[in-house]
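Here's the letter readout for the chains.
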Amino acid sequence: MPTILGQNQYGKAENRVVKITRDGDTHHIKDLNVSVALSGDMDDVHYSGSNANVLPTDTTKNTVFAFAKEHGIESAEQFGIHLARHFVSSQEPIHRARIRIEEYAWERIATSDGNSRFIGADEVKHSFARKGQETRVSQITYDGENWEVISGLKDLTVMNSTNSEFWGYVKDKYTTLKEAYDRILATDVSARWRYNWTSDEQRIPNWEKSYEQARKHMLQAFAETYSLSLQQTLYQMGSRIINSRSEIDEIRFSLPNNHHFLVDLEPFGLKNDNEVYFAADRPYGLIEATVLRDGVEPKIPVDMTNL
């Protein structure tokens, strides 16, 4: 039977670029993992092997590093915008560019005071420790006219040691779970939010501030919500961001319920008064949902596995 070519794209994945900005003796780090995917008039390379329209993936890699020098890295989003615009505008066969970026955060190492500093040492402003918290993520897509910027984070582990309950649920003959009126609520937050900036004619958001504020509101909602279900907490986290950040129209969460079970200490003659738990890593409940500004159509994929 005859075949035809469907959707296709190509590029260089996971370009690890570290940019050091030297402000006198004070240094700043941007540590990114950048993946480039390009699509357009690529039928011939698939049908006949002609590379006439192919920009080598090695070139896309070189562009990432060159742009880190030429444009700097103000934010993951702005860096992705520079790259996407370049690939679409400079190469006629390329109609669409998608840039995915993971950003790894570093924090400055606090040094000792002057009295205890080793002999000959000055105040250190160039030493950092890799943060063990979340990874910031971005996806920037450009088709020559319209932009789509989806940002977010993954692997942000949070826990409430109280102010969480779970009861009143459906029970059948297979139900063994006991109702909980005081439990640990813990999850590894994976979230993606979509900006309503889609055109160069619009005012561009402050990407760094927006990320910082979205993260802040998310964490505050998690901490301040007396939770009767993880679903309720998820909705409060999303609503807080939408209501606080006018540049964000949609946010999708994937939240595993990291179960903590009270350990039975009675065989040892001990009472466990919500103090000792077994942290189970699997199986786990998985709660996923999208929170939208009223009147907005959802665009973030339901399955965020490859986003």
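Just so it is clear, the model here is predicted, and its values are computed rather than measured.

Student: Got a sec to walk through the nonpolar core? Specific residues and values, please.
Tutor: Val34, Phe79, Ile99, Val189, Trp193, Met218 and Phe253 are the most contacted members of the largest nonpolar core, which has 53 residues in total. Looking at which element gives the most residues to this core, the answer is helix α3 (residues 76-90), with 7 residues. If near-sequence neighbours (up to four positions away) are discounted, phenylalanine 79 is found in contact with Leu32, Val34, Val64, Phe67, Ala68, Gly72, Ile73 and Ile101.

Student: Just give me the short version of the packing of helix α4 (residues 207-224) against helix α5 (residues 230-244), but keep the residues and values in it.
Tutor: At a minimum axis distance of 8 Å, the contact between α4 and α5 shows a crossing angle of 140°. Of the two elements, α4 crosses α5, and the hand of that crossing is right-handed. Packed against α4, whose contacting residues are Ala214, His217, Met218, Gln220, Ala221, Phe222 and Glu224, the element α5 presents Thr233, Gln236, Met237, Arg240, Ile241 and Ser244 at the interface. Across the contact of α4 with α5, the residue classes break down as 6 nonpolar, 5 polar and 2 charged.

Student: Tell me about the pattern of salt bridges, and name the residues and values.
Tutor: All told, the structure shown has 16 salt bridges when counted by the stated rule. Notably, a salt bridge pairs lysine 61 with aspartate 58, separated by 2.9 Å at the nearest N-O pair. One end of the pair, lysine 61, and the other, aspartate 58, are both in helix α2 (residues 57-70), 3 residues apart, so they sit about a helical turn from each other. Residue class for aspartate 58 comes out partly exposed when judged on its relative accessible area of 37%. With a closest N to O distance of 3.0 Å, arginine 245 and glutamate 247 form a salt bridge. Assessed through its relative accessible area of 15%, arginine 245 is described here as buried. The network of salt bridges with common partners includes Lys30, Glu77, Glu103, Arg136 and Glu208.

Student: Tell me what's going on with the layout of surface pockets, and back it up with residues and numbers.
Tutor: To find the voids left in a structure, one rolls a probe of water-molecule size over its atoms. Approximately 690 Å³ is the volume attributed to the largest pocket. Forming the boundary of the largest pocket are 23 residues, of which Leu177, Lys178, Ala180, His260 and Phe261 lie nearest the centre. At the level of secondary structure, the elements contributing two or more residues to the lining of the largest pocket comprise α5, β10 (260-262) and β12 (285-292). If one sorts the elements of the lining of the largest pocket by residue count, β10 sits on top with 3 residues. Here the lining of the largest pocket is composed, by residue class, of 10 nonpolar, 9 polar and 4 charged.

What counts, and at which threshold
Residues numbered from 1 in each chain as written. Predicted model: local features only at pLDDT ≥ 70, side-chain atom pairs only at ≥ 80, totals over all residues. Heavy atoms only, no water. Core = buried A, V, L, I, M, F, W, Y, C linked by side-chain atoms within 4.5 Å. Buried < 20%, exposed > 50% of the residue type's maximum accessible area, 1.4 Å probe, protein only. Helix = DSSP H or I, 4+ residues; strand = E, 2+ residues; numbered from the N terminus. Contact = heavy atoms within 4.5 Å. Axes fitted to C-alpha atoms, helices over the stretch in contact; angles between N-to-C directions. Left-handed = near helix turned anticlockwise from the far one by under 90°. Nonpolar A, V, L, I, M, F, W, Y, C, P; charged D, E, K, R; others polar. Salt bridge = Lys/Arg side-chain N within 4 Å of Asp/Glu carboxyl O. 1 Å grid on protein atoms, 1.4 Å probe; cavity = no way out; pocket = protein on both sides within 12 Å on 5 of 7 lines; lining within 4 Å. Points joined across faces, edges and corners; volume = space filled by probe spheres on them.

The values are spatial; any link to function lies outside them.
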